[in-house]
Amino acid sequence: MPASATPGTTVKEPPTGAVRARPSRASSGAGRPGLGWAVPGLLFFTLFAIIPMLLVVALSFTSWQGLGTPQWTGGANWSRLWEDPEMRQAIWLSVLLTGLSWLFQTPVALLLGVWASGKQRNRAVLSAIFFLPLLASSVALALLWKSLLDPNFGLIADIGPYIGYPDGNLLGDPQGAFAAVLFVASWQFIPFHTLLYQGGARQIPKSLYDAAYVDGAGTVRQFFSVTLPQLRNTVITSSVLMVVGALTFFDTVLILTEGGPGTDTTIVPYLMYTTGFDAFDMGYASAIATILVAIATGISLLLVRLTGFSAMRSTREGM
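Bear in mind that the values here come from a model prediction, so they are computed numbers and not experimental data. (Residues numbered from 1 in each chain as written. Predicted model: local features only at pLDDT ≥ 70, side-chain atom pairs only at ≥ 80, totals over all residues. Heavy atoms only, no water.)

### With respect to the pattern of salt bridges
- A complete count under the given rule lists two salt bridges for this structure.
- A salt bridge links Asp-281 to Arg-80; the shortest N-O distance between them is 2.7 Å. Of this pair, Asp-281 sits in the loop between helix H13 (268–278) and helix H14 (282–307) while Arg-80 sits in helix H3 (residues 76–83); the two residues are 201 residues apart in sequence, bridging distant segments of the chain.
- Here Lys-206 makes a salt bridge to Asp-210, at a shortest N to O gap of 3.0 Å. Of this pair, Lys-206 and Asp-210 both sit in helix H9 (residues 206–214), four residues apart, which is roughly one turn of that helix.
- The class for Asp-210 is partly exposed, based on a relative accessible area of 36%. (Salt bridge = Lys/Arg side-chain N within 4 Å of Asp/Glu carboxyl O. Helix = DSSP H or I, 4+ residues; strand = E, 2+ residues; numbered from the N terminus. Buried < 20%, exposed > 50% of the residue type's maximum accessible area, 1.4 Å probe, protein only.)

Here you go:
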């Protein structure tokens, strides 16, 4: 009788060969859904993304005014594209807007997201108020800011003299108009990226902060040694979304500045719009659209490649 058995009880030994190893999740195939689950998404993406992009690429080799049959022109649109000074300026302005948007939005959204991840009630209330711009459409917000920046009746007429614009004509100045576009775009989308950082910060184990506190780390040291490394993947995700969003930014420029003054805020998406729907040059507009997609895709892939995000290693590895 085994030592652990009590008097009057019988312990049955399992028959030889009766013990079977449980099939692993990987071998049973139960850990991953089948390919059929991806068919609806792949079909939707093909119909509304891949096919339209291929059609745009095909149109970039034609001359078409929106009516009739497109006429094949070969590489005429592409030759014109590389020689167009307005296109070169638009690319530079788009890259500049993207870079400044990242530099402005990332630290603000990161700090706000970490702050909003606290459990205090006042933080939850302030966060809810701060996220309100994210709920409104870009067109409505652009109209609101255009009214505020009106040199005759807007708020800028009162505060303009204090920021270097005595006549309040901020949108009539090249640097002022570009700064206005940058600020309005950042003001609207910082809440979205704050939400990403808030969710990421709340997933950081408290044990890491306790260990840092025991080691004598203060609040600032904990942020740089614990919070920021743990939010590495969140920073990369936010940066990719920010870059793609800035490169395809359009509606606020259309409403707020209309690409002006002159062409000083004419970024690539707005140039594509005016070329296609004002000048009715759909072939050249398609070439601009193709370049825009290529630039956005290339920068996104470069970010993923350089940051090592493609490896998808967990920041909590070894815990």
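### Here's the deal with the packing of aromatic side chains
- One pass over the full model with this rule turns up twelve aromatic pairs.
- Between the aromatic rings of Phe-61 and Trp-78, the centroid separation amounts to 6.1 Å while the plane-to-plane angle is 40°, which identifies the pairing as tilted. Of this pair, Phe-61 sits in the loop between helix H2 (39–59) and strand S1 (62–63) while Trp-78 sits in helix H3, and the two are 17 residues apart along the sequence.
- Taking the relative accessible area as the measure of exposure, Trp-78 reaches 16% and is therefore buried.
- When the centroid spacing of 6.5 Å and the interplanar angle of 80° are considered together, the rings of Phe-189 and Phe-249 count as edge-to-face. Of the two residues, Phe-189 is situated in helix H8 (residues 174–202) and Phe-249 in the loop between helix H11 (232–247) and helix H12 (251–256); the sequence distance between them amounts to 60 residues.
- Assessed through its relative accessible area of 29%, Phe-189 is described here as partly exposed.
- Using a relative accessible area of 7% as the deciding quantity, one classes Phe-249 as buried.
- Members of the aromatic cluster, each reached through a chain of ring pairs, are Phe-250, Tyr-270, Tyr-273 and Phe-277.
- Directly above the ring of Tyr-284 sits Arg-80, whose terminal nitrogen or CZ lies 3.7 Å from the centroid. (Phe/Tyr/Trp six-rings, centres within 6.5 Å; stacked < 30°, edge-to-face > 60°. Lys NZ or Arg CZ within 6 Å of the ring centre and 35° of its normal.)

### Focus on the side chain of Asn-77
- Position of Asn-77 relative to the elements: it lies in helix H3.
- A polar contact of 2.7 Å, which involves the side chain of Asn-77, links it to the backbone oxygen of Thr-62.
- Aside from chain neighbours lying at most four places away, what touches Asn-77 is Leu-59, Ser-60, Phe-61, Thr-62, Gly-283, Tyr-284 and Ala-287. (Polar contact = N/O pair within 3.5 Å; in protein donor to acceptor, adjacent residues only side chain to side chain. Contact = heavy atoms within 4.5 Å.)

### Describing the confidence of the model for the chain
- Here the chain shows a mean pLDDT of 86. Residues at 70 or above account for 87%.
- Taken element by element, the predicted model of the chain shows its lowest mean pLDDT in helix H1 (residues 25–28) (48) and its highest in S1 (95).
- Low pLDDT (under 50) marks residues 1–6, which in the prediction has four contacts with non-local residues, meaning those over four places away or in another chain. (pLDDT = per-residue confidence, 0-100.)

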